[in-house]
Structures are given as C-alpha cells and as structure tokens.
Amino acid sequence: MARTRVAPDFAVRRDTARCINCKACVRLCANGVHVWDEVAGAPVADESKCVGCHFCEEHCPTRALSIERAPAETTSGGHWTRSAIRGIGRQAETGGILLGAMGNDRPQMAYFDRLVLNAAQVTNPSIDPLREPMELKTFIGSRPDRIEIARGAGGRPRLGAPLPPLLEIETPIMFSAMSYGSISLNACRSLAGAAGEIGTCWNTGEGGLHPDLESCADRAIVQVASGRFGVTPEYLARAAAIEIKVGQGAKPGIGGHLPGGKVTEDVSRTRRIPVGSDAISPAPHHDIYSIEDLKQLIFALKEATRYSKPVGVKIAAVHNVASIAIGIVHAGADFIAIDGIRGGTGAAPSVIRDHVGIPIELALASVDQRLREEGLRHRVSIIAAGGIRSSADVLKAIALGADAVYIATAALVALGCHVCRTCYLGKCNWGIATQDPALTRRLNPEVGQTRAANLLRAWSHEIKEMLGGMGVNAIESVRGNRDHLRGVGLSQVELDLLGIKHAGSPW
Amino acid sequence: MVTAKAARRRRRVAVREEYCIGCRLCEVACVTRHSRSRDVVAAHKTESPRPGGGVRFEAAGPVSLAVSCRHCADPLCVEACLTGAMARDPGTGRVVHDPARCVGCWMCVMTCPTGVPRPDPAAHRLAFKCDLCGGDDLPACVAACPNAAAVLVEEDEP
Amino acid sequence: MLINVHRPSPVPDLDFKVPSGCGLTGLISQKGELLPGDAIYRSLCSMEERGNGLGAGYAAYGIYPDFAANRAFHLMCDTEDARRAAEAVLRRDCTIRHDEPIPTSPVKALKNIPVLWRYFLDIKPEAVERVGGGATEPDAVVRLVMEINRKVDGAFVFSSGRNMGIFKGVGNPEEIGEFFRIPAYRANVWIGHNRFPTNSVSWWGGAHPFGLLDWSLVHNGEISSYGTNRRYLESYGYWCTLQTDTEVMAYLFDLLVRRHGLDFDLAAQVMAAPFWTRIEREEDPEARRLSSALRAVYGGALVSGPFAVLVSDGKSLVGLNDRIKLRPLVAARKGSVSYIASEEAAIRCICPDPEALWMPDAGVPTVVTVEA
C-alpha cells in the first residue's frame, strides 16, 4: 500500500515567543499531535493527527497555541467542495464507509433561523419575570381530554379518576439519549446530576443503568432499543419513563454499533454483554415489523411496570412522519420523541447522517397539526430533538407544537465538547466520548453537573424573558401557539407546512 | 487582625487524584504567582532563577497527582527546623518558610511525610515551599486547575 | 356600500384577531326580578373614555318570556339574499315558530347597518341525531351556528340562546342602545360592553357581547394565548371566525362548563390558573391533586394576557380577571342586585350607595347566581 495521501484538516499554530515549554500540550493530546522534540528542546506538532478538538488550545497557559482550518482549498469551484474531494480520497484509500459523528455538517436549512418570535407592546403589557411568576413546568405523557370531578364532603370538588402517569419537569428541556459506552460515566454522571438539580430528565440511551447512576434513576428516561442492552425488570422499574427507540435523526433506518474497544468491563456489566464484544443494535427491532408489533411492545412494557410510568417512542423525522406518529399514538404511546435531520450521534455513516430525514421544524409542525386534526393531540406529548442550539430554538419548537425538547449536542458542548465530530475514535480529549481512564478523568462530574445545570438554568431564564416579553406567564400558553411565530424569507409552501404567516402579516 | 476563631481554621490545598488530568498547569500557575513579573511568559522565559515550585507532581499511567503542602496542624518540618525559618503562622495556620533564616540543613526535607519541601542544592537552602499564595482568596494552583481537581480545603483544627 | 357582515379581511384567511381595550358592566337580580334596561344603558354610557365608537353591545336575559322554550337566534346579514340563504339552512335543521326584524329606532350616526332579524325556533330531533356520538340539542345548535358563520357568505348568527338576546353593533353605547331600544327591555341579568378596538377594522359582528347558546360574554383585554386556545378549541369542533380573541373565552366557557361539567370556580381555575407556587402551598392533598390535574389536562385552555371578563348563562353572572389582574374589575351588591364593572363609577352611577363594594382578586371568579 502506498503512503496515505490525506492532507491534514487542521494547522497547529504555535507562537514560539509565548511557548514556555511546559509540555501541557504534549501530555494532554490523546491523538499524539504534540510531541516533545528532545533535540530541539521544544514541542513539535504532527498536524495529520489533529481532529480539531481545541483541547490543547484551551489548556495552553500562555495562549501560544491556536488550531486553525488547514487552508488547502481546491481551485475546482463550488460544486467540488473540499469535503467531497477529501471523502473520495479517504474512500479510495480504505474502500470503506465514511464515518461521521455529532450532527449533520451540511448546510441543511435551519428553519429555526428563519422564524422570529413576537413581543407585546401597549395593548398587552409585557410581564417582568423578575417581579412576576413565570412558569415553565411541563408534563410529559398521555392525558384524558377532560377531568372527572367528584364531590367530597361539603361539596368540595376532587379528582374523580386519577390521571394516567405523567412525567413532571420544571423546564421543557431534557437531555436526550446518550448511552454509557458512547459517552463516559463521568459524562453520564454530569447530565444525570444536572437533570436532578434542575428537575428535568436525562436519558440512558441504550446503555443500561450503571450502578453509580441508580440514585439518579428517578429522573431517568430509560431506553429500550433494538439491541435490548441493559434491559432488566429493575432497569424498567427504577426509571421515570421508558422510551422505545425506533430511530434516530442522525441515522434514520440504520442501527448502532459500539466498537468492542469501548466495551470495557464496566460497560459490559451495565449492558450485560461480554467485555470487548461489539455492541450491535440492529437496524429494526427484530420483534417490531409492524405497528401492531410496536403496540405489543408498548403494552408489554406498561404491563411490566404496572402502568406506573409513561412509555414513549422515539423516531427519526422522515417523510411521512405525521402518519407514523398517528399510528404510534394508536399503538398506545404516551409520548413521541421526533429527532430531525440535524440530530447528533456518536457514530454514523456520514452519507446517512447528512442526507436522510427531514428538518425537525417541518416534522414537528406536521405531526402537531395532524394529531390535532385527528383529535389525538391530548393523548400524547411531543418531544422535539435534533439540532436545538439555544433557548430561542427551544421556544420556537414549543410554539410550533412541541411539549418539550431534547438536547444532546448542546449538553455535551456545555461539558466541554467542541464538536470535532470524531467521537467514534474513542479518544475524546474532553473525557466525554471515551472510555479511556486517562481521558474520562478529565471530566470532573461535579464540574460537568454544574455546567450542564447552568446551561438549563440560563436557557430557562432566557425563555422566561421571552415569555414575559410576549405577555405570557406560563409556557403552556405558547405551546402550539404559532401566532407568536412569523417566517422570514420562506416560501408559501414552507409557511403553510409550518402553519405560520410571513413576518409583516398582522394577526 | 485575625480573630481567635479564624486562628483555629486550617487551610490547605488538596488534590483529588481521580480528577487530576496531569496537565501540570498548577505548576505553571505557581511559578507565575511567585515570580517578580507575575507574567506567565516572562516568569518562565526570562526570570532567573525561576521562582516557585510549591506544587510537586507525580504520575504513573493514567494516574497523576499534584502534591502540595498540607499545612499540618502540628508540622514536623517546624519542629525539626533549627533556625525557625519554618514556622506556623498562628493567625492563618499557614506553614511558611523564611529564606533569610534558612541555613539549608534540610531537616524539613527529611521529616515531611508527604515530601513537599524540596532542596535547592545550588543555593544550599530550601528552594521553595507552598505559602498558600499569601493572602490571595484562592491559591494560584487552585484557580488554574481546569478540572477542579485542586481544591482549597478549610477545616477546623481537631 | 360597505359590506359589514362579510368579515373584512386584510388577510385572506379568518384566523386572525383584533386586540382591543374596553369597558364592561353587568348586573343581576338574585331574586330573578326584571331590571329595566335603562340601568345598564346609563352604567355603560358612563365609561365613555373606555370606547372609541367602534363597537358597543348588550346582552339581556329573560326578555322573551313568550318564547321562553324556543331558541332565539339573532342574525345579521349583508343582504336580504344572505338572510334567505341562512334561513334555508335554519329551515333544514329547525322548526321556526316565529321570525321578525329585530326592532330598531333610527340613529343617524350609525352606518352600514346590516339586515337584523330574529328567529324563534326549535332544533329538529333529526338534526341532533345527525351530529351523532350521543350529541344533545346544544351540540346541534353549536354545529348549526358554526356552519352558518363559516359557510353562509354574508350571514352571521350572533345570539343563539333561550329567552335571551344579544344586541350589538359598530357605534358608541348611546347609539347602539338607542338603536336597539335597550332601555325598553327588562331582564334579570344584563351585560354591557363598550369597545376600544386597537385596529380600525371593525364590523358589526366583531362587537361584544359574544354569544353561543345561552352564553354571553364581554371582555376587556388581549389574549396572548389566543393561538394556543384557538387550536385547542378547534380539536373540540369550535372554529374561531370572528376575528377577535374574545371569542375563545366564550367557547372555553361552553366547553368547560357545559360540556365538561366544571363549575365556574373550576373553569376559572383552568382559565386563570393558580400559580404553581400557590398549588404547592395547598395543604389539602386532594385539592392539590385536583389543581395539578386541571393544569396538566387543560393547559391549552389557560388564558394568558391581561383580561377582565363578564360572562353569563342566564342563571349566573360571573366576573373573572387574569392571573395577575392586569385589567380592572370592581364588584358591588345592594339588596338582591349585584354589580360587576370595569369602574366603580359605572356602578355608583346606577347604585350610589352599595352595601358592599370590593375589588375581586386576580384569577378568583366572582359568581352571583339567581336563587332557584
């Protein structure tokens, strides 16, 4: 085999006038980019190994380092982009599928960026969230369409029939599924701790429930995915809710694969598979080949947990997502999580991540509308996922019809992730997407919990400010309230699909 | 003026091994803090002799640990010091070293159970020992630790 | 001629709203005595600065004793043709006992007066059956009203209760009161409204009170949760066609009180829900469970934004404020007559020496019911 012909993606710039030869970069880079040159008495860099995680840059005490995009642009014009050419180059080398991680890196239309929110002026006073209560409490689960009232002593009203089990969260933002295995235990600890601190939920993914996380299980949504890893009666019993994972926005239609290298002894115990074996989640659930099968699984899980907690289904946003959602409601699901084309992952074929599925905004709008038309909206909660970057994205998703959102990439970024998209290498310098004990210790879960909780706190704060600005003091008054949204620069077809008017239109 | 109550508080830097990532930025910060310029580049590149060294670093495989003075309640180094160069400040509880009084007997090096004081053979005296960065709110090593492995512990004396 | 009943539409679809500010007043005799229309007329006219001449209206209960068992439908139509088209729909579903123009007096200032007609009718049993699903007569009425208002061009049913009627139009309270001869009616519950729309689009049907079945409702405020409430109501078959946010309040009362069987206190707990901090302080676990359940189930019916409403079903007069009382509401009582209005002055001008006068708290309904 001839020498690898792939040029580096990044350039490592080192300001030698500032470098104090402290060797922090040498000690810290798990990819072996920085090497101490004994002869020169200075660090040197092998740029071909750099993944652009910026760990060295952020830890260099003198700010001598900067990691930049390698400037090797081609002359071939817009269509033959650098990434297209590099992809072909890599495939010519290896003959394999190109792997990617995190979210879509194509310029897929972010409709969130074309939506603007409303505010109150004069006729309707805005409300100051520093002076007045501003409520974000949200319930996830199926609800009856009306309440039965019974009369107690002295005619006092009381609840005639108990409500179905509901998940109560203090802010409409939850952490999306990320398994122990795909991320480190310290990352799981950080998110689970933050969820408990704020009063929202985290999600085990298909990683099982590690003993260290059992204390956080009352805030855990546990996944039952096609590999059934880690699923035990106790796992189901301890959880706050159960999520059947059918699909994921980053890789609709395909399964998952945790390389054996990440299946350490601890991961193997949690997932209940042998150490070092690849954990392969099949593309379909091999016991779900139709909606009736899904219904059986939903009710098997409800039976197993004595109807004590919501059972939902997570799907990728695909073309006929609205009809699928209706089927899922009829199958008895209490919530539907919809993951859009910008959703992230620890590893997926890039071609699928980048080209399969539809944007969450369109999927969400059409699911919410169809469920209302069918009179089913109260029977199910909708959780929107896939590329939520800010509190504005959260509020826009809720105005389009979501009950709550899932965030994952944003949560990892709060923990330190710089979205270098090489999670599948297992060498995450930030201690997140790795099981290497030298690396996982880099994420102190106390620090991680504080940072993740701070993110939720900050976004919740911002949402309250936006609500107050709209003259609203409870999140439910914005839920599905598309009057508070306007589109900018969207076609009539897009506006109709989103159920909104163009900016400049009156009420 | 330090109150009697404060005098019974003991402050020290503790490093939690499980979160020490081996970057040694605590060392860099210590040197910088105890330099004349307090500038990280100048402290390391131009100042001579290089100041600081209050944190000592040990590593084996994935395990690494920064070790610094525990500012013991009954410090053996103080007991062993011939000249009174090593002394415990009754106000703050800090164990401090006065280079002007040090004769380089290195008894402190011999007695310290955690191996904190280090000799400076060239100058034939003690090189440096942790002074908790004088009156700073946070010692420099604690402030510089990127993973909150180094923490300032304040505890009542037994 | 300007067409009034055909809703003016700056945008082609119907689902938009016109915010407005307003004055409200209402009175009720708990003994069921008939109170002359003169009182509500004077009370409403006293709040001149709360309107801008772009809408006023009255609702009166007990005014049609001769047809007390029949539905009284008030229609406004652009043209005679539109009225006949609506009448054809009525005849399909109803037996008409009597019909006549709504009596009016000429008032020079009023413009673009539509054809105003009232029908006293009964819904045919087969029309109720056609609704299906265990529907009752009121469900068929709702469906019929929605059908005419959505589908019959230029015709609009603005009152559909029994032994009650709504009278409203574009004008100030004096003009509309004189036009409909309000002082001549006698009713045991009265509601009045003086409108200050913040949008020049105004049409006769857009004035308050809003009515459906025996409900009448007047509103001061702006409903920031309109989009949520509208879409929530659509899933129960209510279509908002009136270009004003007030409509959702009327439909919410109908859904919650008539169809879901909540009393006014519980309906108020849904629309102006207590804050979670208050619910969590509630010591009685049963009450706490009920309050939480109401919020969890009826989130789509929570009304956000500043409002004061008066609503009646003929048996009760109810005043309700938003959760943080961003709009005024005053209540008073003397003998068997109770008053609720936007301003104390509007009460004192017809009842100078009330026995009690108070400011209802935010989100707490004031319910006055006729003694059985």
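The structure presented is a predicted model; accordingly, all values stated were derived computationally and were not measured.

Chemist: Help me out: how do you make sense of the overall build of chain B in this one?
Modeler: Check the secondary structure of chain B and you find six helices and eight strands. Listing the helices and strands of chain B from first to last along the sequence gives α-β-α-α-β-β-α-β-β-α-β-β-α-β. In chain B, which comprises 158 residues, the share counted as buried stands at 43%. Taking all contacts inside chain B whose residues are at least 6 apart in sequence as the whole, residues at least 24 apart take part in 56%. A total of about 8000 Å² of accessible surface is found on chain B, and carbon and sulfur atoms cover 56% of it.

Chemist: Explain the nonpolar core here, please?
Modeler: Nonpolar side chains tend toward joint burial in soluble globular proteins. Membership of the largest hydrophobic core comes to 123 residues, with the highest contact counts inside it found for Phe175(A), Ile407(A) and Ile432(A). When residues of this core are assigned to domains, at least three map to each of domain 1 (10-96) and domain 2 (138-502) of chain A. Not counting residues within four places of it along the chain, the set of residues in contact with Ile407(A) comprises Ile173(A), Met174(A), Phe175(A), Ser176(A), Ile388(A), Leu455(A), Leu456(A) and Trp459(A). In terms of nonpolar packing, the next biggest core, distinct from the first, is built from 68 residues, Ala155(C), Tyr238(C), Tyr251(C) and Leu252(C) among them.

Chemist: Teacher, can you tell me more about the interface of chain C and chain A here?
Modeler: Frequently, the measure chosen for interface size is the accessible area removed from exposure when the parts meet. Of the residues lining the interface, 46 residues belong to chain C; the matching set on chain A comes to 43 residues. Between chain C and chain A, a total of about 3800 Å² is buried, with carbon and sulfur atoms accounting for 54% of that surface. Inspection of the region where chain C meets chain A yields eight salt bridges. Residues Asp483(A) and Arg230(C) are paired through a salt bridge, measuring 3.3 Å at the closest nitrogen-oxygen approach. If you look at where chain C meets chain A, you find 24 residue pairs in polar contact (both at pLDDT 80 or more).

Chemist: Even after reading the chapter, I still don't get the confidence of the model for chain B, so can you show me in this structure?
Modeler: Caution applies to low-pLDDT parts of the model: their predicted coordinates are not meant to be read in detail. Residues and elements named next belong to chain B. Averaged over every residue, the pLDDT of chain B is 82; the share at 70 or more is 85%. The spread of mean pLDDT over the elements of chain B runs between helix 1 (residues 4-7), the lowest at 47, and helix 6 (residues 140-144), the highest at 93. Taken together, the stretch residues 1-7 has pLDDT below 50 and engages in five contacts with residues farther than four places along the chain or on a different chain. Prediction confidence for the complex, expressed as pTM and ipTM, is 0.90 and 0.90 respectively.

Chemist: Is there a simple way to explain helix 10 (residues 285-297) of chain C in this structure?
Modeler: What sets the pattern is the α-helix's 3.6 residues per turn: residues three or four places apart point alike. In this model helix 10 of chain C runs 18 Å from its N-terminal to its C-terminal C-alpha over 13 residues, within 8% of the 18 Å that 1.5 Å per residue would give. Three or more residues of helix 10 of chain C are buried, namely Ala287(C), Leu290(C), Ser291(C), Ala293(C), Leu294(C), Arg295(C), Ala296(C) and Val297(C). Each element contacted by the buried residues of helix 10 of chain C is listed here: strand 7 (138-140), strand 8 (149-151) and strand 9 (157-159) of chain A together with helix 8 (264-271) and helix 9 (276-281) of chain C. Regarding helix 10 of chain C, its N-cap is Asp284(C), as a side-chain oxygen of that residue lies 3.1 Å from the backbone nitrogen of Glu286(C) further along.

Chemist: What am I meant to see in the packing of aromatic side chains here?
Modeler: Geometrically, a pair of aromatic rings is defined through the distance of the ring centres and the angle of the planes. Summed over the entire model, instances satisfying the criterion amount to 14 aromatic pairs over all chains. Aromatic side chains Phe139(A) and Trp276(C) sit 5.7 Å apart centroid to centroid with 50° between the ring planes, which places their arrangement in the tilted category. Linking Phe139(A) in strand 7 with Trp276(C) in helix 9, this pair reaches from one chain into another. A relative accessible area of 9% places Phe139(A) in the buried class. Ring centres of Trp215(C) and Phe253(C) lie 6.0 Å apart, and the angle between their planes is 35°; on these two criteria the pair is classed as tilted.

Chemist: Explain the packing of helix 7 (residues 246-259) of chain C against helix 8 of chain C here, please?
Modeler: Residues and elements named next belong to chain C. Where helix 7 contacts helix 8, the axes come no closer than 10 Å and their chain directions differ by 130°. Comparing their axes, helix 8 and helix 7 come out oblique. Relative to helix 8, the crossing made by helix 7 is right-handed. Listed contacts from helix 8 to Met249, Leu252, Phe253, Leu256 and Val257 of helix 7 are Phe264, Ala267, Val270 and Met271. Partitioned by chemical class, the residues of the contact of helix 7 with helix 8 number nine nonpolar, no polar and no charged.

Chemist: Before we go on, may I ask you to explain the pattern of salt bridges in this structure?
Modeler: It is possible for side chains bearing opposite charge to pair when their charged atoms get close. All names here are of chain A. Scanning the entire structure with this criterion turns up 63 salt bridges over all chains. The partner of arginine 353 in a salt bridge is aspartate 105, and the shortest N-O contact between them spans 3.1 Å. Here aspartate 105 lies in the loop between strand 5 (99-100) and strand 6 (115-117) and arginine 353 lies in helix 9 (residues 350-355), a separation of 248 residues in the sequence. Overall, the relative accessible area of 3% leaves arginine 353 in the buried class.

Chemist: Mind showing me how you'd approach the domain arrangement of chain A here?
Modeler: Residue and element names in this part refer to chain A. Annotation of chain A at the domain level lists domain 1 (10-96) and domain 2 (138-502). Residue-level contacts link 12 residues of domain 1 with nine residues of domain 2. In total, domain 1 and domain 2 occlude about 940 Å² of area from one another, counting both sides; carbon and sulfur atoms represent 60% of this. Counting every contact that joins domain 1 to domain 2 gives zero salt bridges.

Chemist: What am I meant to see in the sheet that holds strand 22 (residues 485-487) of chain A here?
Modeler: Pairing between the strands of a sheet is mediated by backbone hydrogen bonds and can be parallel or antiparallel. All names here are of chain A. Ordered by their spatial adjacency, three strands build an open sheet running 6-22-23, and the pairing between neighbours is mixed. Since the sheet does not close on itself, it has two edges, and those belong to strand 6 and strand 23 (501-502), each with one partner. The sheet contact formed by strand 6 and strand 22 spans three bridges and is antiparallel. If you follow leucine 115 over to strand 22, its bridge partner there is glycine 487. Where helix 11 (residues 391-400) meets the sheet, its contacts fall on strand 6 and strand 22, and the angle it forms with strand 6 comes to roughly 90°.

Chemist: Can you walk me through the packing of helix 7 (residues 291-304) of chain A against helix 8 (residues 321-330) of chain A in this structure?
Modeler: Geometry of a packed helix pair, given as the angle between the helix axes and the separation of the axes. Residues and elements named next belong to chain A. Contact geometry of helix 7 with helix 8 gives a least axis separation of 9 Å together with a crossing angle of 45°. Classed by the angle they form, the pair helix 7 and helix 8 counts as oblique. With respect to the hand of their crossing, helix 7 and helix 8 are arranged in right-handed fashion. Contacts between helix 7 and helix 8 pair Ile291, Leu294, Lys295 and Ile298 from the former with Gly327, Ile328 and His330 from the latter. Residue composition of the contact of helix 7 with helix 8, by class: four nonpolar, two polar and one charged.

Chemist: Could you clarify how one ought to interpret the sheet that holds strand 4 (residues 71-77) of chain C in this entry?
Modeler: Residue and element names in this part refer to chain C. Taking strand neighbours across the sheet as the criterion, the four strands line up as 5-6-4-7 in an open arrangement whose pairing is antiparallel. At either margin of the open sheet sits one strand with a lone partner, and together these are strand 5 (94-101) and strand 7 (155-159). Ignoring which end each strand starts from, the neighbouring axes of this sheet average 30° apart. The pairing of strand 5 with strand 6 (residues 115-123) spans seven bridges and is antiparallel. Paired with threonine 95 across the bridge in strand 6 is aspartate 122. Docked against the sheet, helix 2 (residues 80-93) engages strand 4, strand 5, strand 6 and strand 7, running at close to 5° with respect to strand 6.

Chemist: Is there a simple way to explain the pairing of strand 16 (residues 337-341) of chain C in this structure?
Modeler: When a strand is regular, its side chains alternate between the sheet's two faces. All names here are of chain C. With five of five residues buried, strand 16 is to be regarded as a mostly interior element. Burial of the side chains of strand 16 extends over both faces: Val337, Tyr339 and Ala341 are buried on one face and Ser338 and Ile340 on the other. Of the pairings in the sheet, the one linking strand 15 (residues 330-334) to strand 16 comprises five bridges and is antiparallel in character. Residue pairing in the sheet places valine 330 in a bridge with alanine 341 of strand 16. Taking the residues between adjacent antiparallel strands as the criterion, strand 15 and strand 16 are bridged by two residues, where glycine 335 takes a positive phi near 60°.

Chemist: Sorry if this is basic, but what is going on with the interface of chain B and chain A here?
Modeler: Contacts between chain B and chain A engage 21 residues on the former and 23 residues on the latter. At the boundary of chain B and chain A, one finds two salt bridges. Between chain B and chain A we count 11 residue pairs in polar contact (both at pLDDT 80 or more) in total. Those elements that provide at least two residues to the side of chain B that touches chain A are helix 2 (25-33), helix 3 (40-45) and strand 3 (63-68) of chain B. Per-element accounting of the side of chain B that touches chain A gives the leading share, four residues, to helix 3 of chain B.

Chemist: Just checking my understanding: could you explain the environment of Val380(A) for this structure?
Modeler: Residues and elements named next belong to chain A. Mapped onto the secondary structure, valine 380 falls in the loop between helix 10 (360-373) and strand 20 (381-385). You can call valine 380 buried: its relative accessible area is 1%. Separated by 26 residues in the primary sequence, valine 380 and aspartate 354 have C-alpha atoms spaced 29 Å apart. Setting aside chain neighbours within four positions, we find valine 380 in contact with Gly141, Ser142, Val329, Ala333, Asp334, Phe335, Ile336, Leu371 and Asp403.

Rules and cut-offs
- Residue positions are counted from 1 within each chain, in the order its sequence is given.
- Labels are handed out in written order, letters beginning with A for the chains and numbers beginning with 1 for the ligands.
- Given that this is a predicted model, residues contribute local features only at a pLDDT of at least 70 and side-chain atom pairs are listed and counted only at 80 or more, while totals for whole chains, interfaces and linings are drawn from all residues.
- With hydrogens and water stripped out, all remaining heavy atoms of the structure feed into the side-chain values.
- By definition, any uninterrupted DSSP run of H or I lasting at least four residues is a helix, any uninterrupted run of E lasting at least two residues is a strand, and each is numbered from the N terminus.
- Summary of the burial criterion: residues with accessible area below 20% of their type's maximum are buried, those above 50% are exposed, and those between are partly exposed, where the area comes from a 1.4 Å probe applied to protein chains only.
- What makes two residues a contact is simply this: any of their non-hydrogen atoms within 4.5 Å.
- Computed with a 1.4 Å probe, the accessible areas rest on the Shrake-Rupley method; for each residue, only the protein chains presented here act as cover.
- Here, nonpolar core means buried Ala, Val, Leu, Ile, Met, Phe, Trp, Tyr and Cys residues that are tied together by side-chain atoms lying within 4.5 Å of each other.
- As used throughout, domain bounds are those supplied by an automatic or database domain assignment.
- Summed over both partners, buried area is the accessible surface (1.4 Å probe) that two parts give up on being assembled.
- Here, a salt bridge means any side-chain nitrogen of Lys or Arg that lies within 4 Å of a carboxyl oxygen of Asp or Glu.
- What qualifies as a polar contact is a pair of N or O atoms within 3.5 Å, subject to a donor-acceptor requirement within protein and to the restriction that residues adjacent in sequence count only when both atoms come from side chains.
- pLDDT runs from 0 to 100 and stands for how confident the predictor is about each residue.
- The span one expects for a helix is its residue count, reduced by one, times 1.5 Å.
- Paired rings are identified among Phe, Tyr and Trp, the last through its six-membered ring, by centres lying within 6.5 Å, and are further divided according to the angle between planes into stacked (under 30 degrees), edge-to-face (over 60) and tilted (the rest).
- Working convention: axes come from line fits to C-alpha atoms, limited for helices to the stretch in contact. Angles between N-to-C directions cover 0 to 180 degrees.
- Angle categories: roughly parallel below 35 degrees, roughly antiparallel above 145, roughly perpendicular from 65 to 115, and oblique for all the rest.
- A clockwise turn of the near helix away from the far one marks a right-handed crossing, whereas an anticlockwise turn of less than a right angle marks a left-handed crossing.
- Residue polarity follows a fixed list, in which Ala, Val, Leu, Ile, Met, Phe, Trp, Tyr, Cys and Pro are nonpolar, Asp, Glu, Lys and Arg are charged, and the others, Gly among them, are polar.
- Here a strand pair is declared whenever DSSP counts at least two bridges between the two strands.

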